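Structural characterization, general
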Amino acid sequence: MTELSVGEILSITGGELLSGNTGIKVNDISIDSREVGEKTLFVPIIGENVDPHKYIPDVAKKSAASFTDRSEILSSIDEDRKDTFALIKVENTLRALQLLGIYFRKHYDKKVVGVTGSVGKTTTREMITKAISSSLMVYSTPKNFNSEIGTPLTLSAINDNPSDIAVLELGISDFGEMDVLTEMTLPDIGVVTNIGVSHIEYFKTRENICSEKLKIAGRMNENSALFLNGEDKYLLLAKESLSVKAFYYGLSDAYEYHAENIKFSDGRSSFTYVHNDKRVDVSLGLLGNHMILNAVAAMAVCEYLGLDLEAAANALSSFQGQRQNVYMTPDGITVINDAYNASPDSMKAELMVLRETETEGRRVAVLGDMLELGPDSPLFHKDVGRAVIANEIDILVTVGEMMKNAHDIVKDSGVPEIEAIHFDDKESANEYLKKTLKKGDTVLFKASNGMKFKDIIINFKQKD
């Protein structure tokens, strides 16, 4: 981050200096006391299981400064550090961190693209970054720093290296968070991928989720643009209520920016990107209509920015991303690994991918629980079971208490072509798969990250 003095931090946050002096310099921010360095500003943010304020005395021995919301911490600081360690009292440590984020963004004089949505926002953000990088230097959200805590950390580094534009991911899990994220990021261009049921236990309805996601436009002006997924029925109704320029993208000519000539073959998707008289062929090393939608959004943003579309398409051809990974094992089994995260919409999308994937053997879906879906979680898991039937999967292997609902739907359907088997633990599922899968089979792994499906997938390594 850009080096700041404690005096500047006090001015930005309205904090009170309890120890140290205003001339102390910091060039890094951390919310983890184990990662602080000589010039780090430590920000203790209370979590579900720990109050990191208790680590401030240790932080004071090796770092430059810390926020706190309680004066009594000063008595725990070693006397020989009170002159050289800046303890800054603020009303709220998270809000102080966000005020720093606002400061860094205001000193970034380039455009910002903000990407949000219930499903696919990370992949879309990565695709947009990849496509734009064919013409410009891009700063993009690192890791998963997309929340009201992670975003100011993302912004703290936005001015560290030269860039022409920033592509930032905005993730919310409760009411009011998008207002805070847009206050910090001030997006010039926005993309909303879809309205799913992620975090619905907090939002209660998809209508509420849609309303909150669309607050990405809250800080935009007449020169801004918002790209909406027209294939999503909630977003399709939203355009007229927005005060900024909004455009739809989708999979047919019903939308301004769209894909034509969609094909899937040999683990790749191909399509023609179309907008007015622009037509550009695009090939992706990923499968599924949902991936094509993400790529259309990336191409649309590039076109809006006036960039070279052929170069953008060429860049996307080598895009891999962090989510879906398709490969073959030494035993000749095709693996579709998309177990980083899961929601009802992404589950259904990947089941369609499994159906569309050419295979010499059987189509096998290994599905684990989808987390954080609230009281209607059993119903969402039952819907996945119905999607398994609709996509004519040969073998369904379910793991976890909630995914048992999907198993029961398939088992009770009376469809003899589908073999459904349930396991309470990953180890048993793993043993079954090792005995059952054969050369030529294609297997999909999909679950919420908390299910730790990597413990299963590690046994199905990629062919050298």
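A brief look at the structure comes next. Quick caveat, the model's predicted, so the values are computed rather than measured. (Residues numbered from 1 in each chain as written. Predicted model: local features only at pLDDT ≥ 70, side-chain atom pairs only at ≥ 80, totals over all residues. Heavy atoms only, no water.)

**Looking at the overall build of the protein chain**
As a reminder, the rule being used: The secondary structure listing takes helices from DSSP runs of H or I that are at least 4 residues long and strands from runs of E that are at least 2 residues long, numbered from the N terminus. Note that the radius of gyration is over C-alpha atoms, with the globule rule given as 2.2 Å times the number of residues to the power 0.38. Any two residues having at least one pair of non-hydrogen atoms within 4.5 Å are treated as being in contact. Throughout, the Shrake-Rupley method with a 1.4 Å probe supplies accessible areas, and for residues the shown protein chains are the sole cover considered. Within this scheme the basic residues Lys and Arg register as positive and the acidic residues Asp and Glu register as negative, but His and the chain ends are omitted. We put the charge of a Lys on NZ, of an Arg on CZ, of an Asp on CG and of a Glu on CD.
In terms of helices and strands, the protein chain carries 16 helices and 22 strands. A compact globule built from 464 residues would reach a C-alpha radius of gyration of about 23 Å, and the protein chain, at 24 Å, matches this within 12%. Reported as C-alpha extents along the three principal axes, the dimensions of the protein chain are approximately 75 × 55 × 45 Å. Partitioning the intrachain contacts of the protein chain with sequence separation of at least 6 by distance along the chain shows that 64% fall at a separation of at least 24. Carbon together with sulfur atoms contributes 45% to the accessible area of the protein chain, which is approximately 19900 Å² in total. Treating the 50 positive side-chain charges of the protein chain as one cloud and the 69 negative ones as another, the clouds have centres 2 Å apart.

**Description of the sheet that holds strand β7 (residues 86-89)**
Definition in use: Should DSSP find at least two bridges between two strands, the strands are regarded as paired. Axis definition: a line fit to C-alpha positions, over the contact stretch in the case of helices; interaxial angles, taken between N-to-C directions, run 0 to 180 degrees.
Across the sheet, five strands lie side by side as β2-β7-β6-β5-β4; this open sheet has mixed pairing. Looking along the sheet, the strands with just one partner apiece sit at the ends: β2 (16-19) and β4 (28-30). The average angle at which neighbouring strand axes cross in this sheet is 25°, direction not considered. Alignment of strand β6 (residues 65-68) against β7, held across four bridges, turns out to be parallel. By the bridge assignment, Ser66 is partnered in β7 with Leu87. In the packing of helix α3 (residues 93-106) onto the sheet, contacts are made with β4, β5 (40-42) and β6, and the angle to β6 comes to roughly 125°.

**Structural notes on the nonpolar core**
One recurring pattern in soluble globular proteins: nonpolar side chains tend to sit buried together. Note the following rule: By convention a nonpolar core is built from buried Ala, Val, Leu, Ile, Met, Phe, Trp, Tyr and Cys residues, the set being connected through side-chain atoms within 4.5 Å. Categorising residues by exposure relies on relative accessible area from a 1.4 Å probe, with only protein chains included: less than 20% of the type maximum marks a residue as buried, more than 50% marks it as exposed, and the intermediate range marks it as partly exposed.
Counting residues in each nonpolar core, the largest one holds 82 residues, and the members touching the most others are Leu226 and Leu367. Sort the elements by how many residues they give to this core and α3 lands first, with six residues. Those residues in contact with Leu226 that sit more than four places away from it in its chain are Gly190, Val191, Val192, Leu214, Ile216, Ala217, Met220, Leu242, Val244, Lys245, Ala246 and Phe247. Core analysis: the second largest hydrophobic core is formed by 39 residues, Val115, Phe247, Leu284 and Leu309 among them.

**Quick look at the sheet that holds strand β21 (residues 419-423)**
With mixed pairing, six strands are arranged side by side in an open sheet as β17-β18-β22-β19-β20-β21. Where the open sheet ends on each side, the last strands, each with one partner, are β17 (325-328) and β21. Pairs of neighbouring strands in the sheet enclose a mean axial angle of 15°, with direction left out of account. Alignment of strand β18 (residues 334-337) against strand β22 (residues 442-446), held across four bridges, turns out to be parallel. Paired with Asn337 across the bridge in β22 is Phe445. Each of β18, β19 (363-368) and β22 is contacted by helix α12 (residues 344-356), which is oriented at about 165° to β19, the strand it contacts most. Contacts from helix α15 (residues 426-436) reach β19, β20 (395-399), β21 and β22, with the element oriented near 160° to β20.

**Examining the packing of aromatic side chains**
Where we set the bar: Aromatic pairing here means that ring centres of Phe, Tyr or Trp (its six-membered ring) are within 6.5 Å. Orientation follows from the plane angle: under 30 degrees is stacked, over 60 is edge-to-face, and everything else is tilted. Each ring is checked for a lysine NZ or an arginine CZ that lies within 6 Å of its centre and within 35 degrees of its normal; such an atom marks a charge sitting over the ring.
Summed over all chains, the structure comprises eight aromatic pairs. Aromatic side chains Phe247 and Tyr304 sit 6.2 Å apart centroid to centroid with 55° between the ring planes, which places their arrangement in the tilted category. On the criterion of sequence distance, the pair formed by Phe247 in strand β13 (residues 245-250) and Tyr304 in helix α10 (residues 289-304) is long-range, its members being 57 residues apart. One aromatic cluster is present, formed by Phe227, Phe247, Tyr257 and Tyr304 through successive ring pairs. Here Lys110 stacks its cationic end above the ring of Tyr108, 5.8 Å away from the centre of that ring.

**What to know about unusual backbone geometry**
Look at Lys204: it is not a glycine, yet its phi comes out positive at around 75°. Here Lys204 shows up in the loop between α7 (200-203) and α8 (206-213). Under the relative-accessibility criterion, Lys204 is labelled exposed at 61%. The phi torsion at Asn261 lies on the positive side, around 55°, for a residue other than glycine. Relative to the assigned elements, Asn261 resides in strand β14 (residues 257-265). Here Asn261 falls in the partly exposed class, since its relative accessible area comes to 48%.

**Some remarks on the side chain of Arg363**
This is how the line gets drawn: Salt bridges are counted wherever a side-chain nitrogen of Lys or Arg sits within 4 Å of a carboxyl oxygen of Asp or Glu. Whenever two N or O atoms come within 3.5 Å, that pair is a polar contact, provided that in protein one can donate a hydrogen and the other can accept it, and provided that, for residues adjacent in sequence, both atoms are side-chain atoms.
Relative to the assigned elements, Arg363 resides in strand β19. No salt bridge forms around the buried Arg363; measuring N to O, its nearest opposite-charge neighbour Asp394 is 5.0 Å away. Among the polar contacts made by the side chain of Arg363, one reaches the main-chain carbonyl oxygen of Arg355 at a distance of 3.3 Å. Setting aside its immediate chain neighbours within four residues, Arg363 contacts Leu354, Arg355, Thr357, Glu358, Ile393, Asp394, Ile395 and Thr442.

**A short note on the pattern of salt bridges**
All chains considered together, the criterion is met by 21 salt bridges. Put simply, Asp188 and Arg105 hold a salt bridge, and the shortest N to O gap is 3.5 Å. Placement of Asp188 in the loop between α6 (177-185) and β11 (189-192) and of Arg105 in helix α3 is noted, with a sequence separation of 83 residues between them. Given a relative accessible area of 7%, Arg105 falls into the buried group. The partner of Lys278 in a salt bridge is Glu303, with the nearest N and O atoms 3.6 Å apart. Residue Lys278 is located in strand β16 (residues 278-284), and its partner Glu303 is located in helix α10; the two are separated by 25 residues in the primary sequence. Looking at Lys278, the relative accessible area reads 37%, which means it is partly exposed. What emerges from the salt-bridge pattern is a single network uniting Asp51, Asp69 and Arg70.

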